[in-house]
Amino acid sequence: MPNLALVGTQWGDEGKGKIVDWLAERFDVIARYQGGNNAGHTVIYDGVKQVLHLVPSGILRPGKECIIGNGVVVDPEALFKEIDRLEEQGIATRGRLWVSDRAHLILPYHHGIELGSEQRRGEHAIGTTSRGIGPAYQDKMARSGIRAIDCVDRDVLARKVRANLGVVNDLLHHLYDRPPFDADEIIEQYTHWGERLAEYLADTSVRLHTAMGEGRNILFEGAQGTHLDVDHGTYPFVTSSSATAGGVSSGLGVGPNRVDGVLGVTKAYTTRVGSGPMPTQLDDEVGQQLRDVGQEYGATTGRPRRCGWFDGVAARYAVRVNGCDVFVVTKLDVLDSIDPLRICVAYEVDGVRCEEMPANITSATTITPIYEDCPGWEGSVIGARSPEEFPAEARAYLARIAEVSGCPIGIASNGADREAIVMMPDSPLDVLVP
Ligand code: GDP
Ligand code: IMO
Ligand code: MG
């Protein structure tokens, strides 16, 4: 059975949650491979809105197994807040949600370090989600991280927390002028989380291989997006994990040859939250219209998202670095009644036409998008259930996105609800999702 990776192709918030929820019906296991509760994945069905931060969006489909992989950083307090909320709604997590015993934990001092670091950066701050993500990954790479398995053994936990705080409290005091953390308090708290975590912990790589051995298929759920990836994004204005398809393998302990296809989720326009370059950003009334109609406010922090035209350069880049086989284009309905629409087909960098994302995008003196106009449409794409029901201009717009990006479109999403999905004919999705 084919396994599919689903990734964001832009700067996050492409609508991954909605598409994972829709696809989850056709998969047996849904596995998150990176990020943490910086993610906010919205799913709307039966008029009810659910926002998932750490738990894979597949949890909303009864009977599906969900995995939080070793590549994810887990804030236990945030995890149990989410688990408790799901359980209160009658959505079972025990016996079907598994957290990798090798996943690194977010500790209270990570929040302190992040605050200090962002403050010190001043006007160059990254504009993070303040969830402690960066410092947790920093500790992981520095080989001083505390893993989920560590907090089920109080002695191991105590030793590691004390060793870390010896350094961290000095850093907080001398570099950031911030208050210290108390080791006993953290050891107490995390021993408690360890007791709760115990029944969810597993060697999730083994679980995934067992599932594959039994012929069950896996949907790998990405968080954030390609241009927030620590290697391939608009560095340093990125998150600290591998959000691109390459992260699946290391973040879950499955070989790259087990990823049978890559699905890129892209908005029909562009948004970004936090700092950093966004060449097609609109600071005019069209940008405001996209924000208002698309309700572009962060699902995790509530911050207004920056909005702009579809960026074909960024999309082509995402197709290449992820190996996207097929695109899902979301929020087509938000473009109803905007005329003309514009697609960025290349950039002008310091006066020279540039077809690729420049590595120095954050410091290039001027990047001017080169646009192509596309006619908008009268009427609405809302309620359509097949592409024939779209206005001809909407079909032409999708076709041009596919051409400019170099990736066929398998699905157009025309509303926030689970049912608002239009399958495009003859796409690779027919083979990837039988
Ligand atoms: P994610 O982080 O990629 O899962 O995306 P978010 O949930 O942060 O943001 C996407 C937002 O767009 C959510 O509020 C979704 O409910 C909404 N959404 C998803 N697809 C569509 C669509 O086709 N049309 C409209 N109008 N809203 C959508
Ligand atoms: P989903 O999964 C949009 C952004 C933050 C900030 C940068 C670094 O919902 O698409 P971090 O807290 O990760 O260190 O912040 O990354 N960011 C996101 N933007 N969607 C997300 O997740 C994001 N997760 C992080 O705004 O610019
Ligand atoms: Mg989001």
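Structure: see above.
Just so we're clear, the structure is a prediction, and the values are computed from it rather than from any experiment. (Residues numbered from 1 in each chain as written. Chains lettered and ligands numbered in written order. Predicted model: local features only at pLDDT ≥ 70, side-chain atom pairs only at ≥ 80, totals over all residues. Heavy atoms only, no water.)

A.B. asks: Honestly, the overall build of the chain in this entry has me stumped. Any pointers?
C.D. replies: Along the chain, the regular secondary structure elements total 12 helices and 20 strands. In terms of overall dimensions, the chain has C-alpha extents of about 65 × 50 × 40 Å along its principal axes. With 434 residues in all, the chain has 59% of them scored as buried. Long-range contacts, defined here as pairs at least 24 residues apart, represent 76% of the contacts in the chain between residues at least 6 apart. Put simply, the chain shows about 17200 Å² of open surface, and 50% of that area lies on carbon and sulfur atoms. Charge centroids of the chain, computed over 42 positive and 60 negative side chains, lie 3 Å from each other. (Helix = DSSP H or I, 4+ residues; strand = E, 2+ residues; numbered from the N terminus. Buried < 20%, exposed > 50% of the residue type's maximum accessible area, 1.4 Å probe, protein only. Contact = heavy atoms within 4.5 Å. Areas by Shrake-Rupley, 256 points an atom, 1.4 Å probe, with all protein chains shown as cover. Lys, Arg positive; Asp, Glu negative; His and termini not counted. Charge placed at Lys NZ, Arg CZ, Asp CG, Glu CD.)

A.B. asks: Whenever I open this one, the site of ligand 1 confuses me. Can you help?
C.D. replies: The environment of ligand 1 is formed by 19 residues, the closest being Lys16, Gly17, Thr42, Asp333 and Ser413. Within the backbone of glycine 15, one N or O atom sits 2.8 Å away from an oxygen atom of ligand 1. Taking lysine 16, its main chain carries an N or O atom lying 2.7 Å from an oxygen atom of ligand 1. For ligand 1, whose accessible area on its own is 580 Å², the fraction buried by protein is 92%. When each cavity is represented as a set of grid points, ligand 1 is found to reside in the second largest pocket. For the shell around ligand 1, the per-class residue count stands at 4 nonpolar, 8 polar and 7 charged. When residues of the shell around ligand 1 are sorted by domain, at least three fall in each of domain 1 (4-100 + 202-258) and domain 3 (265-432). (Near = heavy atom within 4 Å. Polar contact = N/O pair within 3.5 Å; in protein donor to acceptor, adjacent residues only side chain to side chain. 1 Å grid on protein atoms, 1.4 Å probe; cavity = no way out; pocket = protein on both sides within 12 Å on 5 of 7 lines; lining within 4 Å. Sits in = over half its atoms within 2 Å of the grid points. Nonpolar A, V, L, I, M, F, W, Y, C, P; charged D, E, K, R; others polar. Domains from an automatic or database assignment.)

A.B. asks: Hey, could you run me through the layout of surface pockets in this one?
C.D. replies: Rolled over the atoms, a probe sized like a water molecule indicates the empty space that remains. Put simply, the second largest pocket is a space of about 650 Å³. In this structure, the second largest pocket is lined by 27 residues; those nearest its centre are Thr42, Ile44, Gly294, Lys331 and Ala416. Elements supplying a minimum of two residues to the lining of the second largest pocket: α1 (16-24), β3 (41-45) and β4 (48-52). Grouping the constituent residues of the lining of the second largest pocket by class yields 7 nonpolar, 11 polar and 9 charged. Built from parts of two domains, the lining of the second largest pocket gets at least three residues from each of domain 1 (4-100 + 202-258) and domain 3 (265-432). (Points joined across faces, edges and corners; volume = space filled by probe spheres on them.)

A.B. asks: Even after reading the chapter, I still don't get the site of ligand 2, so can you show me in this structure?
C.D. replies: In the neighbourhood of ligand 2, 20 residues make up the surrounding shell, with Asp13, Lys16, His41, Thr129 and Thr239 lying closest. In the complex, the protein chains occlude 98% of the 540 Å² of accessible area that ligand 2 would expose alone. Grouping the constituent residues of the shell around ligand 2 by class yields 7 nonpolar, 10 polar and 3 charged.

A.B. asks: Got a minute to help me understand helix α2 (residues 76-88) in this structure?
C.D. replies: One turn of an α-helix holds 3.6 residues; hence residues three or four places apart share an orientation. An ideal rise of 1.5 Å per residue puts 18 Å on 13 residues; α2 measures up with 18 Å between its terminal C-alpha atoms. Close packing links the buried residues of α2 with β4, β5 (65-68), β6 (73-74), β7 (97-100), β8 (104-105) and α6 (183-197). A distance of 3.0 Å separates the backbone nitrogen of glutamate 77 from a side-chain oxygen at the start of α2, and that oxygen is part of aspartate 75. Where α2 ends, the next residue or the one after it, glycine 90, has phi of about 85°, a positive value. (Expected span 1.5 Å × (residues − 1).)

A.B. asks: What exactly am I supposed to notice about the packing of α2 against α6 here?
C.D. replies: Between α2 and α6, the least distance of the axes is 10 Å, while the angle of their chain directions is 45°. By the criterion of interaxial angle, the relationship of α2 to α6 is oblique. Both α2 and α6 take part in a crossing whose hand is left-handed. Facing Pro76, Glu77, Leu79, Phe80 and Asp84 of α2, the residues of α6 in contact are Tyr190, Trp193, Arg196 and Leu197. Considered class by class, the residues forming the contact of α2 with α6 number 6 nonpolar, no polar and 3 charged. (Axes fitted to C-alpha atoms, helices over the stretch in contact; angles between N-to-C directions. Parallel < 35°, antiparallel > 145°, perpendicular 65-115°, else oblique. Left-handed = near helix turned anticlockwise from the far one by under 90°.)

A.B. asks: I'm lost on the coordination of the magnesium ion (ligand 3) in this one. Help?
C.D. replies: The textbook angles at a metal center are 109.5 degrees for a tetrahedron of four donors and 90 or 180 degrees for an octahedron of six. Every protein donor of the magnesium ion (ligand 3) is accounted for by Asp13 (OD) and Gly40 (O), and the metal-donor separations fall at 2.0 to 2.2 Å. Note that aspartate 13 is positioned in the loop between β1 (4-8) and α1 and glycine 40 in the loop between β2 (29-32) and β3, a separation of 27 residues in sequence. (Donors = N, O, S within 2.8 Å, 3.2 Å for Na, K, Ca; no water.)

A.B. asks: When you look at helix α11 (residues 392-405) in this model, what are you seeing that I'm missing?
C.D. replies: The terminal C-alpha atoms of α11, which comprises 14 residues, lie 20 Å apart, in line with the 20 Å expected from a rise of 1.5 Å per residue. Ala394, Tyr397, Leu398, Ile401, Ala402, Val404 and Ser405 are the residues of α11 that are buried. Among the structural elements, β14 (310-311), α10 (312-322), β15 (326-330), β16 (341-349), β18 (367-374) and β19 (409-413) are those in contact with the buried residues of α11. Looking one or two residues beyond α11, the residue adopting positive phi is glycine 406, at roughly 75°.

A.B. asks: Looking at this model, I keep getting lost on the sheet that holds β15. Mind explaining?
C.D. replies: Strand pairing in a sheet relies on backbone hydrogen bonds, with the paired strands running either antiparallel or parallel. Strand order in the open sheet formed by 10 strands is β9-β7-β5-β2-β10-β1-β11-β15-β19-β20, and the pairing between neighbours is mixed. Each edge of the open sheet carries a strand with a single partner, namely β9 (201-202) and β20 (421-423). Pairing of β2 with strand β10 (residues 218-221) involves 4 bridges; the strand directions are parallel. When the sheet's bridge partners are listed, arginine 32 is paired in β10 with glutamate 221. (Pairing = 2+ DSSP bridges.)

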